[in-house]
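Coordinate analysis (summary)
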Amino acid sequence: METSNRNTIRETRIEHDFDNLNNPLPPMQQGHTELPVRSRSFDVEDRQPSKGNNRGFCTKQCLIGLAIGLTIGVILVIVIAVPVGVVLASKATGTQSSTMTNSTSQSTSRVKQVQNCISQDITRQPVLIDTDTDIDDLWAILYLLNVPTVDILAITTSGDGYSTPFYSTSNILSLLGLVNCTDGVGVATGASLSLSPTGWIIASSILKGIDSFLTSPTCLNQSTNIFLQPSPFDAVELIISTLKYSQRSVDILCLGPMTNIAEAISRDRSIVSKIGTLYLSGGQFKSIADYPSLVPNPSLGVYPYSYKTSGSSSNVFLDVLAVQRVDDSGIKNLVAMPSSVQKQLTANLTQLNNKIQALNLQLSSFTYGLISSLAKCTNQTEGDIFWWDNSAAQLMVQMQNNVTNGFCTNLQKVQSLYVLSADGNQLYGQGLSGFDQLRPNTQGLTNYTICTRTNSDLFLTEFLTTIASNRLDSCAKTYQNRFDIKLQACLNTYGYE
């Protein structure tokens, strides 16, 4: 029965195949709805078992062929695709590099445009003065206004030193007006709080005398121009912009706490390379060999301090953290007129009057009162007064001009640091040096050049001769010609970064 049935099926399918040959169009195209019948025989006996069992698998020769094909494919990918990727990556990198180069070039070009627009006098040494507006600061500023080799680009003030914030900028503007330098130098207001308050507060009687020094009826009793305006920049902004757009490196004279300078460097560290030399008035550089003990002792001082630690410098102690940031910023040259050395230059009225007479100088009543009335106006004795900040200003001029016979008769190179530890007790704010012998592995030391010996007669001669000249070389002739005003106008024209 199985054989008969198989033959019947084969015969039937062959007949269908012949019908398809006579009518090659598929049934659907002839109007039929039935599916076409395949002409293959369904005879199981006609199948080849050997091939049927390997259906879906590859023979050994097949596998070898596939392996060769895959190998060739991989080689082609490496040979063709990788170089293409490298080229594309190179183009992308080149595009990014080109973009960065173009951006840098455009920035450099814009800086040059602003510099050319300002048209700075490059024949003189540009200087920026940062001050806390004590009376000795006014002496230093008056001196530098009359030095022909110096160009004061700006004065910035801080209110965390020997003047209150309300008076710090106002008194500088008043001084400029009183010496006929009205609107001649830009004065910008800066910090009123220290980065590291110690708790020590300057006596109110001293601050009151300083703040009212120019106008008090019991002191200089001057009428000042109340309409004078500070710079349109704040102190930190003016420091950054002055350094960035000056055509020459700028020397900085720091006459008070370094708060403004530290803030400017923290905001834009690119300005460090534009600082020629930073000159500090004050500072302490005592060898650690001179201390009887370097062990902190709470009985000798503890935070908050009610007094300045023994021997420390006021300008440093008022903001030690600012000094440390500036010292460690990478400024190429740091110079100091140490507090201990400034005390070699007493502001003795007898010596002052004798020198004025010997030099046959004529000082205005205002100028003479300015340099001779500090003790009286601040309730101090004459022995308490020294030529502090103006000695730092004169040291700067001496070094700028390589004067070999100046008042500072000996310079010394030292490495130093200031104690900042909250556990430092009586050592907090102390400036230490001499580590090479006793603590050779100490890190964070800063290189300073310091003046160690002075000639008071040479000092006084230079100081009095200069302020009597009334040259006012650093005073701009018009408001629009002042450095900060020209800077603002040029930045408005060529754009800010």
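Residues numbered from 1 in each chain as written. Predicted model: local features only at pLDDT ≥ 70, side-chain atom pairs only at ≥ 80, totals over all residues. Heavy atoms only, no water.

**Quick look at the state of the cysteines**
Selection rule: For the purposes of this analysis, a disulfide is any pair of cysteine sulfur atoms at a distance within 2.5 Å. A run of H or I in DSSP becomes a helix once it reaches four residues, and a run of E becomes a strand once it reaches two; helices and strands are each numbered from the N terminus. Remark: exposure states derive from per-residue accessible area (1.4 Å probe, protein chains only) relative to the maximum for the residue type, with buried under 20%, exposed over 50%, and partly exposed in between.
Under the criterion given, the structure shown has four disulfides. Two residues, C117 and C490, share a disulfide whose sulfurs are 2.0 Å apart. Linking C117 and C490, the disulfide has an S-S dihedral of approximately -80 degrees and is accordingly described as left-handed. Highlighted residues: C117 in helix 3 (residues 60-118) and C490 in helix 18 (residues 483-494), separated in sequence by 373 residues. Covalently, C181 is tied to C475 through a disulfide, its sulfur atoms 1.9 Å apart. Residues C181 and C475 share a disulfide whose torsion about the S-S bond is about -115 degrees; that sign makes it left-handed. With C181 in the loop between helix 5 (165-178) and strand 3 (186-189) and C475 in the loop between helix 17 (456-469) and helix 18, this pair connects stretches of sequence that are 294 residues apart. Neither residue differs from the other here; C181 and C475 are each classed as buried.

**Quick look at the layout of surface pockets**
Applicable threshold: The distinction between a cavity and a pocket rests on a 1 Å grid over the protein atoms alone: a 1.4 Å probe fits inside a cavity but cannot get out, while a pocket stays open yet meets protein on both sides within 12 Å along at least five of seven lines, and a residue with an atom within 4 Å of a point counts as lining. Grid points are joined across faces, edges and corners, and a volume is the space filled by probe spheres set on the points. Under the scheme applied, nonpolar residues are Ala, Val, Leu, Ile, Met, Phe, Trp, Tyr, Cys and Pro; charged residues are Asp, Glu, Lys and Arg; polar residues are all the others, including Gly.
Roughly 790 Å³ of volume is contained in the largest pocket. Looking at the largest pocket, it is lined by 40 residues, and the ones nearest its centre are Y162, K308, S314, K343 and W388. Listed by contribution, the elements that provide at least two residues to the lining of the largest pocket are helix 4 (135-145), helix 6 (204-211), helix 9 (314-317), helix 11 (339-342), helix 15 (388-400) and strand 10 (446-454). Per-element accounting of the lining of the largest pocket gives the leading share, four residues, to helix 11. Here the lining of the largest pocket is built from residues that sort into 15 nonpolar, 16 polar and nine charged.

**Some thoughts on helix 4**
Among the 11 residues of helix 4, 11 are classified as buried, and the element is accordingly described as predominantly covered. Residues I135, D136, D137, L138, W139, A140, I141, L142, Y143, L144 and L145 constitute the buried set of helix 4.

**What about the nonpolar core?**
Stated precisely, the cut-off is as follows: Residue types Ala, Val, Leu, Ile, Met, Phe, Trp, Tyr and Cys, when buried and joined through side-chain atoms within 4.5 Å, form a set referred to as a nonpolar core. Note on definitions: a residue-residue contact is assigned when non-hydrogen atoms from the two residues lie within 4.5 Å.
Core analysis: the biggest nonpolar cluster contains 117 residues, and L144, L145, L370, W387 and L464 have the highest contact counts within it. The leading source of residues in this core is helix 4, at nine residues. Here L144 is in contact with I129, V150, I152, L253, A393, M396, V397 and S474, once residues within four sequence places are set aside. In this structure, L417, V419, L427 and L432 belong to the second largest nonpolar core, which totals seven residues.

**A few points about the packing of aromatic side chains**
Aromatic rings in a pair are described by how distant their centres are and how their planes are angled relative to each other. Which entries qualify depends on this criterion: Stacked, tilted and edge-to-face pairs are distinguished by plane angle, under 30 degrees for stacked and over 60 for edge-to-face with tilted covering the rest, among Phe, Tyr and Trp rings (Trp via its six-membered ring) whose centres lie within 6.5 Å. Geometrically, a lysine NZ or arginine CZ counts as sitting over a ring once it is within 6 Å of the ring centre and also within 35 degrees of the ring normal.
For the structure on display, the rule yields 13 aromatic pairs. Considering the side-chain rings of F386 and W388, the 5.8 Å spacing of their centres and the 65 degrees angle between planes classify their relative orientation as edge-to-face. Since its relative accessible area comes to 12%, F386 is described here as buried. A network of ring pairs unites the aromatic residues W139, Y143, W387, F407, F459 and F463 as a single cluster. Above the ring of Y291, the side-chain terminus of K286 is found at 4.3 Å from the ring centroid.

**Some points on the pairing of strand 10**
Which entries qualify depends on this criterion: Two strands make a pair as long as DSSP finds a minimum of two bridges between them.
Pairing between strand 7 (residues 333-337) and strand 10: two bridges, direction parallel. Counterpart to V335 in the pairing with strand 10 is T449. As paired elements, strand 8 (residues 408-418) and strand 10 share eight bridges and run antiparallel to each other. Directly across from K413, in strand 10, lies its bridge partner T449.

**Quick look at the environment of E382**
Looking at where E382 falls in the secondary structure, it is placed in the loop between helix 14 (374-377) and helix 15. For E382, a relative accessible area of 34% translates into the label partly exposed. Separated by 33 residues in the primary sequence, E382 and L349 have C-alpha atoms spaced 7.9 Å apart. Residue contacts for E382: discarding those within four places in its chain leaves A347, N348, L349 and A375.

**Re unusual backbone geometry**
Omega for the peptide link from Y303 to P304 comes to -5 degrees, which places this bond in the cis form. When you line up the elements, P304 lands in the loop between strand 6 (286-287) and helix 9. Look at N180: it is not a glycine, yet its phi comes out positive at around 65 degrees. Assignment of secondary structure puts N180 in the loop between helix 5 and strand 3. In this structure, L472 takes a positive phi of about 50 degrees despite not being glycine. Mapping L472 onto the fold places it in the loop between helix 17 and helix 18.

**What to know about the sheet that holds strand 5 (residues 275-281)**
We count it as follows: A fitted line through C-alpha atoms represents every axis, and for helices the fit uses only the stretch in contact; the resulting angles, taken between N-to-C directions, go from 0 to 180 degrees.
Pairing is mixed across the open sheet formed by 10 strands, whose spatial order is 3-2-1-4-5-7-10-8-9-6. Edge positions in the sheet fall to strand 3 and strand 6, since each of these pairs with one other strand and no more. Where helix 10 (residues 320-327) meets the sheet, its contacts fall on strand 5, strand 7, strand 8 and strand 10, and the angle it forms with strand 8 comes to roughly 105 degrees.

**Digging into the side chain of T198**
Its location among the elements puts T198 in the loop between strand 3 and helix 6. The residues touching T198, leaving out its near neighbours within four places in the chain, are Y303, P304, Y305, F317 and Y428.

**Observations concerning the packing of helix 8 (residues 259-267) against helix 10**
Threshold: Each angle receives one of four descriptions, namely roughly parallel if under 35 degrees, roughly antiparallel if over 145, roughly perpendicular if within 65 to 115, and oblique otherwise. What makes a crossing left-handed is the near helix being turned counterclockwise from the far one by less than a right angle; a clockwise turn instead makes it right-handed.
One way to put it is that helix 8 packs onto helix 10 with a least axis distance of 8 Å and a crossing angle of 50 degrees. With respect to helix 10, the element helix 8 is oriented oblique. For the element pair helix 8 and helix 10, the recorded crossing hand is left-handed. For the pair helix 8 and helix 10, contact is made by T259, I261, A262, I265 and S266 and by A322, R325 and V326, respectively. Split by residue class, the contact of helix 8 with helix 10 holds five nonpolar, two polar and one charged.

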